[in-house]
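Observations on chain architecture
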Amino acid sequence: MAKPCGVCAGVRRAVETIERALVVYGPPVYARHEIIHDRHAVDELQARGAVFVDDLSAVPDGAVVVFGAHGVAEEAEHDCERRGHDVIDATCPLVLKLHKEARRLADRGYDVVVVGRAGDDEVDAIASRIPGRVHVVSHLADVERLEVADPARVAYLLQTTLGGLDTVDIVAALKHRFPRLATQDGDACSAVHDRERAALKLARRVDAVFVVGSGSAVTTRRLLEIVAASGVPTRLVENAGAIEHGNIDGLTAVGLAAGPSTPDKLVDAVVARLKMLRPVEIDVLDGVEEFVRFRLPSRLRHAGERSSPGLGGAPLAPGAALSHDR
Ligand code: SF4
């Protein structure tokens, strides 16, 4: 197994936030888009009363709404306030840090370049919070087309769900064009990059790599591409049941890798399936140890302690404790 492998701290917290909100406030609890790219995890949350919508305008006024790990644009946040939604903000603390950095750089007069996929929630959420000049760069060619107020005051920020391999050329081109290029204070989130590096290290040691996760998750698809490009036979495993004897016959060592939106349960199920098919020994490669675990939004921590049936009390009425909370 690669290390790290599977769900990152921010996505884990967003899922746990919905789970806790369902216990504390009761269903329905709304969220924009599916909060984790895994069919089983989404089905499970839906069965318990979570409702995933493509557009927040589909949410009835005053409903409980959870913002996912990669946040929402500022306009959507204001719209929720106007419509009296009871917002629980599970935006990952590392994404919130990017929002803060974006504002800080813009306040200091920088043109801010967001390197990321235009149209992604995370990119929209960052760009919407930049009061000054903001540019989204998705491809190398975009760098040449940039028009900035002052080439000596340009800064860039990286979308957290891009891996390092996707950004290295773009950042190099930005540095070449703007030698005084600035960026955020402190380290950016490396969860995606760490999983990609771990999968590549694994690929050198095994006969084949199974990338565990959903094909609908962009980080899983990218992991698959990167590992396949290294030359090792690579296969996407979306559910454990899909692995048959024929997939592992003749292999001595199979590698398991997973992106940041693959739940632990799915990785565990794949390991269990392999053990069922034949005797296996699990070897976790050396890699980045992730100790970080983000606490739930504070109102859920406290409400859960006071009111969750599973935690010793009656559930709060839907809509109770209306304060907007991170
Ligand atoms: Fe947070 Fe990083 Fe996961 Fe994005 S990839 S949700 S920033 S931990």
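Residues numbered from 1 in each chain as written. Predicted model: local features only at pLDDT ≥ 70, side-chain atom pairs only at ≥ 80, totals over all residues. Heavy atoms only, no water.

**Some words on the pairing of strand β10 (residues 234–237)**
Pairing analysis gives four bridges linking strand β9 (residues 208–212) to β10, with the strands arranged parallel. In the sheet register, V209 faces β10, and the bridge partner there is T234. Each parallel crossover has a hand, and for β9 linked through helix α9 (residues 218–229) to β10 it is right-handed. (Pairing = 2+ DSSP bridges. Helix = DSSP H or I, 4+ residues; strand = E, 2+ residues; numbered from the N terminus. Right-handed = clockwise from strand over helix to strand, strands pointing away.)

**Digging into unusual backbone geometry**
Look at the link from K3 to P4: it is a cis peptide, with omega at 0 degrees. Within the secondary structure layout, P4 lies in the segment before α1 (9–25). Of the consecutive residues P27 and P28, the connecting peptide bond is found in the cis state with omega at -5 degrees. Here P28 lies in the loop between α1 and β1 (29–32).

**Considering the site of the ligand**
Near the ligand, the surroundings consist of C8, G10, A69, H70, C92, L94, V95, T160 and C189. Here the shell around the ligand is composed, by residue class, of six nonpolar, three polar and no charged. Shared between two domains, the shell around the ligand holds at least three residues of each, these being domain 1 (9–92 + 296–303) and domain 2 (94–183). (Near = heavy atom within 4 Å. Nonpolar A, V, L, I, M, F, W, Y, C, P; charged D, E, K, R; others polar. Domains from an automatic or database assignment.)

**What to know about the domain arrangement of the protein**
Looking at the protein, the domain boundaries give domain 1 (9–92 + 296–303) and domain 2 (94–183). Once you take the C-alpha centre of each, domain 1 and domain 2 turn out to be 27 Å apart. Taken residue by residue, the interface counts twelve residues in domain 1 and 13 residues in domain 2. Summed over both partners, the interface of domain 1 with domain 2 buries about 950 Å², with 51% contributed by carbon and sulfur atoms. Looking at the side of domain 1 facing domain 2, the largest losses of area belong to H70, E74 and C92, adding up to 54% of the total buried there. At the junction of domain 1 with domain 2, the criterion picks out two salt bridges. Note that R32 and D121 form a salt bridge whose closest N and O atoms lie 3.2 Å from each other. At the boundary of domain 1 with domain 2, the tally comes to nine residue pairs in polar contact (both at pLDDT 80 or more). (Contact = heavy atoms within 4.5 Å. Buried area = accessible area lost by both parts, 1.4 Å probe. Salt bridge = Lys/Arg side-chain N within 4 Å of Asp/Glu carboxyl O. Polar contact = N/O pair within 3.5 Å; in protein donor to acceptor, adjacent residues only side chain to side chain.)

**With respect to the pattern of salt bridges**
Counted under the stated rule, the structure contains 21 salt bridges. Across the pair R129 and E77 runs a salt bridge, and its minimum N-O distance is 2.5 Å. Of the two residues, R129 sits in the loop between α5 (121–127) and β6 (134–137) while E77 sits in helix α3 (residues 74–82), which places them 52 residues apart along the sequence. Taking relative accessible area as the criterion, E77 reaches 10% and is therefore assigned buried. For the salt bridge of R133 with D111, the shortest nitrogen-to-oxygen distance reads 3.0 Å. Pair noted here: R133 is in the loop between α5 and β6 and D111 is in strand β5 (residues 111–115), with a separation of 22 residues, a long-range link. On the accessibility criterion, D111 (2% relative accessible area) is buried. The structure contains a network of salt bridges with shared partners spanning E34, R39 and D43. (Buried < 20%, exposed > 50% of the residue type's maximum accessible area, 1.4 Å probe, protein only.)

**Topic: the sheet that holds β6**
Reading across the sheet, the four strands line up as β6-β5-β7-β8 and stay open at both edges, with parallel pairing between neighbours. The open sheet has two edge strands, β6 and β8 (182–183), and neither has a second partner. Pairing between β5 and β6: four bridges, direction parallel. From the neighbouring strand, V115 faces β6, where its bridge partner is V137. Of the strands in this sheet, β5, β7 (154–158) and β8 are in contact with helix α4 (residues 93–107), which crosses β7 at around 175 degrees. (Axes fitted to C-alpha atoms, helices over the stretch in contact; angles between N-to-C directions.)

**Brief notes about the nonpolar core**
Generally speaking, soluble globular proteins have nonpolar side chains that are buried together. Core analysis: the largest hydrophobic core is formed by 30 residues, its most contacted members being I18, I35, I36, F52 and V66. Going through the elements one at a time, α1, β1, α2 (39–47), β2 (50–53) and β3 (64–67) are the ones with two or more residues in this core. By residue number, the principal contributor to this core is α1, which donates nine residues. If sequence neighbours within four positions are ignored, V66 has contacts with T17, I18, A21, V29, Y30, A31, R32, I35, I88 and A90. The next biggest cluster of nonpolar side chains, apart from the first, holds 15 residues, and it includes V237, I248, V267 and V270. (Core = buried A, V, L, I, M, F, W, Y, C linked by side-chain atoms within 4.5 Å.)

**As for the packing of helix α8 (residues 191–203) against α9**
Helix packing geometry: the angle between the two helix axes and the distance between the axes. Between α8 and α9, the shortest axis-to-axis distance is 10 Å and the interhelical angle comes to 30 degrees. Here α8 runs over α9; the crossing is right-handed. On the side of α8, the interface is formed by V192, R195, E196, A199, L200 and A203, while α9 contributes T219, R222, L223, I226 and V227. (Left-handed = near helix turned anticlockwise from the far one by under 90°.)

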